[in-house]
Amino acid sequence: MHRYFLVAAVLATVSWLVAGETNFATYKLSLRWPPAHCDAPSFECKPHVLNTFTIHGLWPQFADGKVVPPYDPDTNRCTDVIPVTDLDPLFRRITPLIEELRKYWPNYKDYQNETLNVNFWKHVWKLHGMCSDYPDNPFSYFRTAVSLGIKYIDPFKGTRITPRLVPYIAKDISDAIKERLGVYPQIACNEVGGTVQLTEVRLCFKRDRENSPSILQDCPIRYAYKCSDGTDEISFVPHLIG
Ligand SMILES: *[C@@H]1O[C@H](CO)[C@@H](O)[C@H](O)[C@H]1NC(C)=O
């Protein structure tokens, strides 16, 4: 009995030590298409629906494409430094980025509401920042994410993919990114009134322990949520006023 517990305790310790600092391989930059979130029945986006992609987040993920779960001092000590957990000073530290965050990384429901924006950024920090390569440096995490976001904010720039009423075949959307950037993205969808809609385009980057991530790679999992295959029909819904 005692021996069993000892072994279990040693294994638990080893697994979080291994989890600490080592085992994620890539970052996923998630770009969101607000019109596809705001057209659900009885869902209202204020003061109007944004007509540009916005940043959702930069997520550490394992080589198999699973997102690293949030930091938890008991069950998921993903870092060997002490992460910033006090969220109010956190937001003083990212003040120099605030204009860019408001512009490229707002909450999509009410993008001028600063309370909602700050809550969104805190949420992203708790979910993904604390297990990134910058657990003790929110400024670096947000700066890294926002610079990648700005660079790729219009993922279909220069491609034939534009919002339209006629659905696309999922593979065409994915191939357009592959042609433009040389890598396959992950496409995420929702479903509204029986229509599968593109909600997010996600780009994957190699983790680099010395430098901030910048090298694109294929995303290990190509589709998420309501789309699952290259043959799916997906609407890239146009922006409607309201
Ligand atoms: C911002 O959103 C919060 C939370 O929903 C709400 O309580 C507050 O009234 C909103 N502020 C403005 C100025 O609309």
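Look a little higher up for the structure.
Residues numbered from 1 in each chain as written. Predicted model: local features only at pLDDT ≥ 70, side-chain atom pairs only at ≥ 80, totals over all residues. Heavy atoms only, no water.

Brief notes about the nonpolar core
Here comes step 1: One finds Trp105, Phe142, Tyr152, Phe156, Ile187, Leu198 and Ile234 to be the most contacted residues of the largest nonpolar core, which totals 58 residues.
Here comes step 2: Among the elements that line this core, the one with the most residues is helix H6 (residues 138–152), at six residues. (Core = buried A, V, L, I, M, F, W, Y, C linked by side-chain atoms within 4.5 Å. Buried < 20%, exposed > 50% of the residue type's maximum accessible area, 1.4 Å probe, protein only. Helix = DSSP H or I, 4+ residues; strand = E, 2+ residues; numbered from the N terminus.)

Concerning the packing of aromatic side chains
Here comes step 1: This structure, assessed with the given rule, holds twelve aromatic pairs.
Here comes step 2: Judged by centre distance (5.2 Å) and plane angle (80°), the rings of phenylalanine 24 and tyrosine 27 are edge-to-face. Assigned by exposure class, phenylalanine 24 and tyrosine 27 land together as buried.
Here comes step 3: Considering the side-chain rings of tryptophan 33 and phenylalanine 53, the 5.0 Å spacing of their centres and the 40° angle between planes classify their relative orientation as tilted. Here the residue tryptophan 33 occupies a position in the loop between strand E1 (26–32) and helix H2 (34–38), and phenylalanine 53 occupies one in the loop between H2 and strand E2 (54–61), the gap between them amounting to 20 residues. An identical accessibility class is assigned to tryptophan 33 and phenylalanine 53; each is buried.
Here comes step 4: Linked through ring pairs, Trp33, Phe53, Phe156 and Phe236 together constitute an aromatic cluster.
Here comes step 5: Lying across the ring of phenylalanine 24, arginine 207 places its NZ or CZ 3.7 Å from the centre.
Here comes step 6: Just above the ring of tyrosine 184 sits the side chain of arginine 222; from NZ or CZ to the centre is 3.9 Å. (Phe/Tyr/Trp six-rings, centres within 6.5 Å; stacked < 30°, edge-to-face > 60°. Lys NZ or Arg CZ within 6 Å of the ring centre and 35° of its normal.)

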